[in-house]
Amino acid sequence: MAKGLAMHETLEVHEILTLKTSCVTKGTAMLELVEDEELKKILEEDVQASTEAIKELKKILKKAQ
């Protein structure tokens, strides 16, 4: 368990991290199938935002140890 976070907070951060990882995986897979350029742009932005969120969540977990 991370020292700076309560157990339930650590678990919640892990849960969000898992969700964001799924978002990146699904978004990346869907990019190959999407033909509409506007939708493709939205997916690319979502993948980028989720990737940044993953980095931040990992920093939170690492810092809290």
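This text follows the structure it describes.
In this report, we go over the structure that sits alongside the text.

About the criteria used
- Residues numbered from 1 in each chain as written.
- Predicted model: local features only at pLDDT ≥ 70, side-chain atom pairs only at ≥ 80, totals over all residues.
- Heavy atoms only, no water.
- Helix = DSSP H or I, 4+ residues; strand = E, 2+ residues; numbered from the N terminus.
- Rg over C-alpha atoms; globule rule 2.2 N^0.38 Å.
- Buried < 20%, exposed > 50% of the residue type's maximum accessible area, 1.4 Å probe, protein only.
- Contact = heavy atoms within 4.5 Å.
- Areas by Shrake-Rupley, 256 points an atom, 1.4 Å probe, with all protein chains shown as cover.
- Lys, Arg positive; Asp, Glu negative; His and termini not counted.
- Charge placed at Lys NZ, Arg CZ, Asp CG, Glu CD.
- Axes fitted to C-alpha atoms, helices over the stretch in contact; angles between N-to-C directions.
- Parallel < 35°, antiparallel > 145°, perpendicular 65-115°, else oblique.
- Left-handed = near helix turned anticlockwise from the far one by under 90°.
- Nonpolar A, V, L, I, M, F, W, Y, C, P; charged D, E, K, R; others polar.
- Patch = residues over 30% accessible without salt bridge, like charges linked within 9 Å, V, L, I, M, F, W, Y side chains within 5 Å.
- Salt bridge = Lys/Arg side-chain N within 4 Å of Asp/Glu carboxyl O.

## Some thoughts on the overall build of the protein
The secondary structure content of the protein amounts to 2 helices and 0 strands. What you see for the protein is a C-alpha radius of gyration of 15 Å, clearly larger than the 11 Å of a compact globule of 65 residues, by over 25%. Overall, the C-alpha framework of the protein stretches about 45 × 15 × 10 Å when taken along its three principal axes. Counting only residues that meet the buried cut, the protein has 25% of its 65 residues in that class. Sequence-distant contacts, at least 24 apart, represent 64% of the contacts inside the protein between residues at least 6 apart. A total of about 5,100 Å² of accessible surface is found on the protein, and carbon and sulfur atoms cover 59% of it. Taken as two groups, the 10 positive and 13 negative side-chain charges of the protein have centres that lie 11 Å from each other.

## Examining the packing of helix α1 (residues 7-31) against helix α2 (residues 37-64)
In a packed pair of helices, the relevant descriptors are the angle between the two axes and the axis-to-axis distance. Taken N-terminus to C-terminus, the directions of α1 and α2 make an angle of 155°; their axes are 9 Å apart at the nearest point. Classed by the angle they form, the pair α1 and α2 counts as roughly antiparallel. As α1 packs across α2, the resulting crossing turns out to be left-handed. By residue class, the composition of the contact of α1 with α2 is 13 nonpolar, 7 polar and 5 charged.

## A short note on a negative patch on the surface
On the surface, a cluster of negative charge is made up of Asp36, Glu37, Glu38, Glu44, Glu45 and Asp46. Tracing the chain through its elements places Asp36 in the loop between α1 and α2.

## Description of the pattern of salt bridges
Summed over all chains, the structure comprises 2 salt bridges. Across the pair Glu52 and Lys55 runs a salt bridge whose closest N-O atoms are separated by 3.5 Å. Of this pair, Glu52 and Lys55 both sit in helix α2, 3 residues apart, which is roughly one turn of the helix. You can call Lys55 partly exposed: its relative accessible area is 45%. In this structure, Glu56 engages Lys59 in a salt bridge whose closest nitrogen and oxygen atoms are separated by 3.5 Å. In this pair, Glu56 and Lys59 are both assigned in helix α2, 3 residues apart and thus about one turn of the helix distant.

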